[in-house]
Every structure is written in structure tokens, then in C-alpha cells.
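# Residue-level structural notes
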Amino acid sequence: MSSKKRNWKPQTALVHAGALRSGFGETSEAIYLTQGYVYETAQAAEARFKGEEPGFIYSRYANPTVDMFEKRMCALEGAEDARATASGMAAVTAALLCSVKAGDHIVAARALFGSCRWVVETLAPRYGIEATLVDGTNIANWEKAVRPNTKLFFLESPTNPTLEVVDIAAVASLANSIGARLVVDNVFATPLQQKPLQLGAHIVVYSATKHIDGQGRCLGGVILSDKKWIDENLHDYFRHTGPSLSPFNAWTLLKGLETLPLRVRQQTESAGKIADFLAERPEIARVIYPGRADHPQAAIVKKQMSGGSTLICLDVKGGKQAAFALQNALDIVLISNNLGDAKSLITHPATTTHKNLSDEARAELGIGPGTLRLSVGLEDTDDLLEDIAQALKAR
Ligand SMILES: Cc1ncc(COP(=O)(O)O)c(C=O)c1O
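The rules behind these values
- Residues numbered from 1 in each chain as written.
- Predicted model: local features only at pLDDT ≥ 70, side-chain atom pairs only at ≥ 80, totals over all residues.
- Heavy atoms only, no water.
- UniProt positions renumbered as here; feature names shortened; annotations may be inferred.
- Helix = DSSP H or I, 4+ residues; strand = E, 2+ residues; numbered from the N terminus.
- Contact = heavy atoms within 4.5 Å.
- Pairing = 2+ DSSP bridges.
- Axes fitted to C-alpha atoms, helices over the stretch in contact; angles between N-to-C directions.
- Patch = residues over 30% accessible without salt bridge, like charges linked within 9 Å, V, L, I, M, F, W, Y side chains within 5 Å.
- Areas by Shrake-Rupley, 256 points an atom, 1.4 Å probe, with all protein chains shown as cover.
- Salt bridge = Lys/Arg side-chain N within 4 Å of Asp/Glu carboxyl O.
- Lys, Arg positive; Asp, Glu negative; His and termini not counted.
- Charge placed at Lys NZ, Arg CZ, Asp CG, Glu CD.
- Buried < 20%, exposed > 50% of the residue type's maximum accessible area, 1.4 Å probe, protein only.

An unreviewed UniProt entry annotates the protein as O-succinylhomoserine sulfhydrylase originating from Mesorhizobium qingshengii. Quoted verbatim from the Cofactor (unreviewed entry) field of the UniProt record, the comment on the protein reads "pyridoxal 5'-phosphate". The heading Catalytic activity (unreviewed entry) in the UniProt record of the protein holds the text "O-succinyl-L-homoserine + hydrogen sulfide = L-homocysteine + succinate".

What follows deals with the side chain of T93. Summarising the element assignment, T93 is placed in helix 4 (residues 88-97). Excluding residues within four positions of it along the chain, T93 makes contact with V119 and L123.

Here we take up the sheet that holds strand 3 (residues 130-134). Read across the sheet, seven strands follow the order 1-7-6-5-4-2-3 without closing on themselves; strand pairing throughout is mixed. Two strands in the sheet have a free side with no partner beyond their single neighbour: strand 1 (81-85) and strand 3. When strand polarity is set aside, the average angle formed by the axes of neighbouring strands in this sheet is 20°. Alignment of strand 4 (residues 150-156) against strand 5 (residues 181-185), held across five bridges, turns out to be parallel. For E156, the partnering residue across the bridge sits in strand 5 and is D185. With respect to the sheet, helix 3 (residues 64-77) is in contact with strand 1, strand 6 (203-207) and strand 7 (221-225), its orientation differing from that of strand 1 by roughly 130°. With respect to the sheet, helix 7 (residues 168-177) is in contact with strand 4 and strand 5, its orientation differing from that of strand 5 by roughly 155°.

Another aspect to go through is a negative patch on the surface. A cluster of acidic side chains, namely D380, D382, D383 and E386, defines a negative patch on the protein surface. Tracing the backbone shows E386 in helix 14 (residues 381-394). For E386, a relative accessible area of 57% translates into the label exposed.

So this is what it looks like as C-alpha cells:
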């Protein structure tokens, strides 16, 4: 079944797009757990290597199950092409390194997931690529950071963990005006609630580990962009450095995509109710939720996102001790640094995901000792509200 000829809505594309059926006519996508492929003749092998005949060569280059996942992601994102990776960080690293060379300059929003920040701040300079980190919420900061050799902009929105929102169209327009490219890490928004390519971004990356799998099973990532950029910049990097996704994980992620809209809709609905509940509680100093009118960038949220979020950032009065006590008193909500899962998960960023940042860097990002990140799962909303209410009382 080919996805190209049909003008499917996302929910249909996520069930059918990219499906490649074998001669057995299986309903569920097959897992092609193979490293290599055989050729009828030596001439056929030569023709395939020359690119004169289509077909798979080696699973580090491409694999039918991985191909189905990539095509389904393209259909969802509205992208021309995609490459799937073994993790979200493999996707971010490939997207960044394949966009620049020694002597180039990157401007990135400072509110980045810790490992993304390490790639930009620590890894890239080792290879002669300089980076400037800015407060991404004000476009003037991006403009001021531009240098004659700026070739790349990088941001995530909403950010991890404070759910700060960056104006993607404004940064894309600045990038275009100087001939640079914009990479957007769209993990927190999910492909359903924000479309960076439509807003002008050139490359979108995901940790498929999060909502796309959504059931805590396997790591994965994906890079989406135009075909020309992927052919010219990613193709050889993938062949020769091998960040490839395993066929089994691609299959798991395909199954995840089938239920992504149902899960994200339910999780967002619950998160909105929980955010409103928390905002009224005297134990809570601050709630940041992209679906609320009091979000610091509410106007941009309205302009570029179609839903709220499955995540909530909250500040508990009483600092670390109170935040830890709240976490420990929860029954249904589990303490974990992961997110986007069917199970509700809560994280204390200052001591886990963002522990490597200095106190000043954390303060700049609004991560305090009482800050918690709540990833809302698929449990019944009333059960979650009850659990949070009892934990607030117990702490
Ligand atoms: C915003 C963001 N980008 C990238 C990643 C990296 O993804 P992975 O864990 O799949 O490598 C994460 C993971 O937590 C993340 O939150």
C-alpha cells in the first residue's frame, strides 16, 4: 500500500501510511529482522550498488521495517524525507553535525535538554564549530547573536522542563534572511500539536522514545527535512557512521504511531485539568502549562500550537524538601526522568535531568529547587487528581 496517492488525515496516515506488505499479505507490518539482502545474480548486486536498480543493500543503510516507519513519519509531518535513528540524541547529533563544518557558528536557545546542550556547548567546539546560547524567548537575542559565519539555529519548544515557548516562525525567518538553517526539536509538542516545517523550520527532530513509542519500551529517533538536504547531507553520514534504528524498534514505533493521536489527546486533556487543579492549590507557587492563559508566552502558544501539552511544570513551595516529599507521597504517579509515557511520571530536574548545569544556568532557565516536571499518562484523570491531592496533603 502506498501513502503517496492519498490525502489522508493524520489519524488515517498513522495507521496505514508507508505500509509495505510482503507476499503473505500480513495485516500488521512485518519485522524484517535482517542485516543484509541477497541478490539473484552478481550483475544484480553490481546494479544495486551502482544505484541502477532499487532495493536494499545493508540494514545500516536502510531496512524495509525502518523504511515503513520513516514513510509514516513523513506522512504525519508533511516532510519529503526522513532518516530514523537509534535514539533521539542520535537524531539531534546527526541533524546538527551534518548542517555545519569547522569554522561555522551555531546559535541555540539556552533552554535545551541537557544532552542537546552538551552537543552544542561541549562537543561541537572540539571540531571548530562555535556556539552561542541565547534566551530564545526574545527574537532580538537571536538577531544579536548572529555572526557572519552563523549557519545554524537550534531550539526546542516547548522546552524541557520549564515549557518555555519559542516563536519558531520568527527564528525561521531570521535563518532564511542570512541563509542559515533552523533545526527544531519537537519532542515536547509531539508531531500532532506543532508543525515546525509549516512554520518555516528546515529540519525537525524527535526522540521517538517519548510519545511516539509512548509505552516505555524502546529508544528511537527521527530526522525529517527536504529530500535534497537529506540526500546531500545525511545520506553518507548514515551509511558510514551507523546511527541506524533497529528493525525491531522501528516496528514497535510503527505500532506506537497507530495510537499516538488517541494517547496524546487523552494525555493532553488530563494534563489541562491537572494544571488547572494545581494552579489553585496553596502548596504550589507556580504552574507553567502551554494550554493556560497565564503561560508566559501564551500568544505564541496560540499562534503555533494546536493543543496544550502532555507535560506540566510546577514549583512547589518549600523547595527541594517539599518537592521530594510530594514525589515520595505519590502513589500512581511514578518517579522517573522519562516522559511521554502511558504511565504518569514525575521528575525533579535540578537533581536529575539538569543536575549537570551550574546553579546559575539552572536559575536562568527557571529551574529551582522546588521545580517538578509532570508527564501525564493514560490513567483515569480523576484517579490522578486524587493521587496528587493526597500527596499534596501528605507532604
Ligand atoms: C527534548 C529532548 N530531546 C532529545 C532527547 C533525547 O532522546 P533519547 O533519550 O531518545 O536519546 C530527549 C530525551 O529525554 C528530550 O527530552
